[in-house]
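# Observations on the model geometry
Residue-level listing of the chains:
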Amino acid sequence: MRTTHLRKTAAWPLVWIYAILIVYASLYPFDNWRVQGIAPWAFLTAPLPRYWTGFDVLSNVVGYAPLGFLLALALHRTHRNWPAIALTTLVAAALSLTMESLQMFLPVRVPSNVDAALNILGALAGAATARALEWVGLLDRWSRFRDRWFVPDASGALALLAVWPFALLFPAPVTLGLGQVLERVEAALAHVLEDSTLLEWLPLREVELQPLLPISEILCVAIGLLLPCLLAFGVLREWRQRIIAAVLLVLVGFMASALSAALTYGPAHAWDWVSTEVLAGLVLATVGIVGMSFSPARVGWVLALAALVWQLSLLNNASADAYFALTLQTWEQGQFIRFHGLIQWLGWLWPYALLLYLVNRLSSSSLAADA
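Below is a summary of the structure that appears in this document. Treat the numbers as computed from the prediction; the structure is a model and nothing was measured.

With respect to the helices and strands, the residue Ser26 is situated in helix H1 (residues 11-27). Here the alpha-carbon distance between Ser26 and Gln103, two residues 77 residues apart in the chain, equals 7.5 Å. Excluding anything up to four places from it in sequence, Ser26 contacts Met99, Gln103 and Arg109.

Below you can see the structure in the form of structure tokens.
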């Protein structure tokens, strides 16, 4: 009897991640909440909007399509006999209607019955796409491929690996250096606690943060390439598969960084970020990848955990230069405001999600060894 549909799937973590991003995008910027004296669901019977753009239609449909696809895929993998398309559409409808209703309390957001309908249509299209892939046999092919390449409990690692390229799209102060949040967290806390007695309790640094030295930048680039590779090594079965995965991950990392530069500065500057430090970090990472490709999974994860903590320490004890501040303004005040910081949050949180994953896996393996 087949039991592959009962196995853990990477689709469920991705569903939750994407749903959280939808909530963030729908309720941004989360301030100046007020009650207008109008029922939150009044938008359902409101007249159709007079003005709309092709981008608005496309963004509302495309925004919910991945949620529909991932949720239908997760239901197919874990509850094969359930009506995945119908359930997915109902869940997406409930989420969309809830978000549109909550927008009634935000002064800068305008709830719309058209937006809700387009969201539901997008989720339905995504679910139908997942069903079509199942019908032509691609999902079963993926299952067989996963069985050959990955260990059974690989869903968390696969979800992190799937998110990693998107986390790289937001410009980072150091190439491939994700998770530099301390400076902005301090500024945000100071703003929130302004005119409050609690501001006196906010710890202040005695010395201002300084930019990274070249050797530290090289280390951050190398670790940035090593981390996804070591994560993948822990769930792959063979040495040959590890080498192939490492090559693909390095290529994906470089292409995502190039796309980020192209979106920020223009296609002509897509590769301007490839500096001497980046090339030196690539060489150092290559040596580490080859050396660790033969190591047991636990050894690789221990090294990944140590390297991740080291990288976060280097990045969060360094300041971003003025040039990077201008880059942030390009994203946050220019055309990329439509992303509402979603990609930025992925870049900030991905290394900390990896940290939690590694700690959990290492503690679980330790408990299993002691049992």
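Let us keep going from here.
On the surface, a cluster of nonpolar side chains totalling about 350 Å² of accessible area is made up of Ile244, Val247, Leu248 and Leu251. If you trace the backbone, Ile244 turns up in helix H9 (residues 239-265).

This brings us to the pattern of salt bridges. Side chains carrying opposite charge are able to pair once their charged atoms draw close together. Counted by the stated rule, this structure contains 2 salt bridges. Arg131 serves as the salt-bridge partner of Glu134, at 3.5 Å between the closest nitrogen and oxygen. Here Glu134 pairs with Arg131, and both are found in helix H4 (residues 113-135), just 3 residues apart, close to one helical turn. Here Glu134 falls in the partly exposed class, since its relative accessible area comes to 25%. Between Glu238 and Arg240 there is a salt bridge, and its shortest N-O distance comes to 3.8 Å. Of the residues examined, Arg240 reaches a relative accessible area of 44% and is grouped as partly exposed.

Quick look at the packing of helix H8 (residues 214-233) against helix H11 (residues 297-316) now. Direction vectors running N to C along H8 and H11 enclose 145°, while the axes themselves pass 9 Å from each other. For the crossing formed where H8 meets H11, the hand is left-handed. Along the contact surface, H8 presents Ser216, Leu219, Cys220, Ile223, Gly224, Leu227, Leu230 and Leu231, while H11 presents Gly300, Trp301, Leu303, Ala304, Ala307, Leu308, Trp310, Gln311, Leu314 and Leu315. Taken together, the residues of the contact of H8 with H11 sort by class into 14 nonpolar, 4 polar and no charged.

Note that Phe105 resides in the loop between helix H3 (84-103) and H4. Put simply, Phe105 and Pro40 are 65 residues apart on the chain and 7.9 Å apart in space, counted from C-alpha to C-alpha.

Of all hydrophobic cores here, the largest spans 84 residues; its most connected members are Tyr64, Leu231, Trp350, Leu354 and Tyr357. The element contributing the most residues to this core is H8, with 13 residues. For Tyr357, the residues in contact, after removing those within four places along its chain, are Gly156, Ala157, Leu160, Leu231, Val235 and Trp301.

Next up on the list: helix H6 (residues 155-167). Spanning 13 residues, H6 covers 18 Å between terminal C-alpha atoms, matching the ideal 18 Å at 1.5 Å per step. Taken residue by residue, H6 has Ser155, Ala157, Leu158, Ala159, Leu160, Leu161, Val163, Trp164, Pro165 and Ala167 as its buried positions.

This part takes up the packing of aromatic side chains. Scanning the model with the defined rule gives 7 aromatic pairs in all. Ring centres of Trp142 and Phe145 lie 5.6 Å apart, and the angle between their planes is 35°; this geometry places the pair in the tilted category. Highlighted residues: Trp142 and Phe145, both in helix H5 (residues 138-149), separated by 3 residues, approximately one helical turn. The exposure class assigned to Trp142 is partly exposed, which follows from its relative accessible area of 36%. Since its relative accessible area comes to 28%, Phe145 is described here as partly exposed.

Procedures and definitions
- Residues numbered from 1 in each chain as written.
- Predicted model: local features only at pLDDT ≥ 70, side-chain atom pairs only at ≥ 80, totals over all residues.
- Heavy atoms only, no water.
- Helix = DSSP H or I, 4+ residues; strand = E, 2+ residues; numbered from the N terminus.
- Contact = heavy atoms within 4.5 Å.
- Patch = residues over 30% accessible without salt bridge, like charges linked within 9 Å, V, L, I, M, F, W, Y side chains within 5 Å.
- Areas by Shrake-Rupley, 256 points an atom, 1.4 Å probe, with all protein chains shown as cover.
- Salt bridge = Lys/Arg side-chain N within 4 Å of Asp/Glu carboxyl O.
- Buried < 20%, exposed > 50% of the residue type's maximum accessible area, 1.4 Å probe, protein only.
- Axes fitted to C-alpha atoms, helices over the stretch in contact; angles between N-to-C directions.
- Left-handed = near helix turned anticlockwise from the far one by under 90°.
- Nonpolar A, V, L, I, M, F, W, Y, C, P; charged D, E, K, R; others polar.
- Core = buried A, V, L, I, M, F, W, Y, C linked by side-chain atoms within 4.5 Å.
- Expected span 1.5 Å × (residues − 1).
- Phe/Tyr/Trp six-rings, centres within 6.5 Å; stacked < 30°, edge-to-face > 60°.

All we've got here are geometric facts, nothing functional implied.
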